[in-house]
Amino acid sequence: MSKKKQVIVIGLGRFGMSVLKELSKYDCDVMAIDERASLVDEASEFALHVAKVNAMDRENLEELDIKDFDVAVVGIGNDFEASVMVTLLLKELGIPYIIAKSRDETHTKFLKMLGVDKIIEPEKDMGVKIAKTIVFPNVIQSMELDDKHNVVEIIAPKNWVGKSIVDLNIRAKYNINLVCIEKQNENIAENIKVMPTADYVIKENDKLTLIAPNEDLKNNGFLV
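The structure displayed is predicted, hence computed values, not measured ones.

**A word on the nonpolar core**
Ile8, Ile10, Ile33, Ile66, Leu90 and Ile95 are the most contacted members of the largest nonpolar core, which has 24 residues in total. When residues in this core are grouped by element, the largest group, four residues, is from helix α4 (residues 80-92). The contacts of Ile8, once residues within four sequence positions are left out, are Met31, Ile33, Ile66, Phe69, Val71, Ala72, Val73 and Ile95. In this structure, Val152, Leu168, Ile202 and Leu217 belong to the second largest nonpolar core, which totals 20 residues.

In structure tokens form, the structure reads like this:
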């Protein structure tokens, strides 16, 4: 049986609490940390462990015995000094993977210098997402496989309609794998084509499932 992933969430504002609530849906061992009693009380519903402490104090973190945790999420986006200090302490204590919220480009630069593995810029990311849903309305949804790959479901682009997979040369031209097609308005028993053959001709409103590196999906407008 695989070991439960152990995650620390530090900073229980809107972002940190959202991460915590989502993690509670999965088989994770989660510790939630904040100085605010009301937020720690709320977090106790979603986390196995909670602690009302100042995470900028190294002794506090050492007393919580966090060294064996796999992932830390630093949700202290608005307090630049606290975010950087807590991240530095987590690195020194040997947390192998750190995710941190950033408030702006300067904050992001400091977090990168500290070696943060994944930096979240909520306002920037939301702006990018909204813009792309306007420019690329054919993207239905995406799911992260790992840090470098995504599965994306899209409505067939207009310039693909009427062309066969071999003619489009999707793998070579876009570095994207087309793994499934859901045909619309056809017999339900036959409307799913997994690993479609090269001679399949893309039809209007076909739903296509793509797997590819994030960069290739972004470059071709398929990742929101």
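There's more to say after this.
**Some words on the environment of Asn177**
Mapped onto the elements, Asn177 comes out in strand β9 (residues 177-182). Of the residues examined, Asn177 reaches a relative accessible area of 33% and is grouped as partly exposed. For the pair Asn177 and Ala212, spaced 35 residues apart in sequence, the C-alpha to C-alpha distance is 6.1 Å. Sequence-distant contacts of Asn177, that is, excluding residues within four places in its chain, are made with Arg171, Thr209, Leu210 and Ile211. For Asn177, the side chain forms a polar contact with the side chain of Arg171, separated by 3.0 Å.

**Some points on the sheet that holds strand β1 (residues 5-10)**
Strand order in this open sheet of six strands is β3-β2-β1-β4-β5-β6, and the pairing throughout is parallel. The outermost strands of the open sheet, each flanked by one partner alone, are β3 (49-52) and β6 (118-120). Ignoring strand direction, the axes of neighbouring strands in this sheet form an average angle of 15°. Bridge count for β1 against strand β2 (residues 28-34) is six bridges, and the pairing is parallel. Each residue of the ladder has a partner; that of Lys5, found in β2, is Cys28.

**Points about unusual backbone geometry**
Its identity as a non-glycine residue notwithstanding, Asp65 has a phi of 55°, on the positive side. Within the secondary structure, Asp65 is located in the loop between α3 (58-63) and β4 (71-74). Unlike most non-glycine residues, Met195 shows phi in positive territory, near 50°. The exposure class of Met195 is exposed, given its relative accessible area of 57%.

**Considering α4**
With 13 residues, α4 should cover 18 Å at 1.5 Å per step; its first-to-last C-alpha distance of 18 Å lies within 8% of that length. Those residues of α4 not exposed but buried are Ala82, Ser83, Val84, Val86, Thr87, Leu89 and Leu90. Those residues of α4 that are buried are in contact with β1, α3, β4, β5 (97-101) and α5 (105-113). The backbone nitrogen of Glu81 has a side-chain oxygen 3.4 Å away, supplied by the residue at the start of α4, namely Asp79. Looking one or two residues past α4, Gly94 carries a phi angle of roughly 90°, positive in sign.

**So, the layout of surface pockets**
Within this model, the second largest pocket holds a volume of roughly 670 Å³. Looking at the lining of the second largest pocket, the elements with two or more residues in it are α1 (14-23), β2, α4 and α6 (122-135). Per-element accounting of the lining of the second largest pocket gives the leading share, three residues, to α6. In terms of residue class, the lining of the second largest pocket is made up of ten nonpolar, seven polar and twelve charged.

**A word on the side chain of Thr108**
Note on placement: Thr108 falls in helix α5. Beyond its immediate sequence surroundings of up to four residues, Thr108 is in contact with Ser102, Ile119 and Glu121.

**Some points on the sheet that holds strand β8 (residues 149-155)**
With antiparallel pairing, the five strands of this open sheet are ordered in space as β7-β8-β11-β9-β10. The sheet is open, and its two edges are formed by β7 (139-144) and β10 (192-194), each paired on a single side. With direction set aside, neighbouring strand axes in the sheet form an average angle of 20°. With five bridges connecting them, β7 and β8 associate as antiparallel partners.

Basis of the calculations
- Residues numbered from 1 in each chain as written.
- Predicted model: local features only at pLDDT ≥ 70, side-chain atom pairs only at ≥ 80, totals over all residues.
- Heavy atoms only, no water.
- Core = buried A, V, L, I, M, F, W, Y, C linked by side-chain atoms within 4.5 Å.
- Buried < 20%, exposed > 50% of the residue type's maximum accessible area, 1.4 Å probe, protein only.
- Helix = DSSP H or I, 4+ residues; strand = E, 2+ residues; numbered from the N terminus.
- Contact = heavy atoms within 4.5 Å.
- Polar contact = N/O pair within 3.5 Å; in protein donor to acceptor, adjacent residues only side chain to side chain.
- Pairing = 2+ DSSP bridges.
- Axes fitted to C-alpha atoms, helices over the stretch in contact; angles between N-to-C directions.
- Expected span 1.5 Å × (residues − 1).
- 1 Å grid on protein atoms, 1.4 Å probe; cavity = no way out; pocket = protein on both sides within 12 Å on 5 of 7 lines; lining within 4 Å.
- Points joined across faces, edges and corners; volume = space filled by probe spheres on them.
- Nonpolar A, V, L, I, M, F, W, Y, C, P; charged D, E, K, R; others polar.

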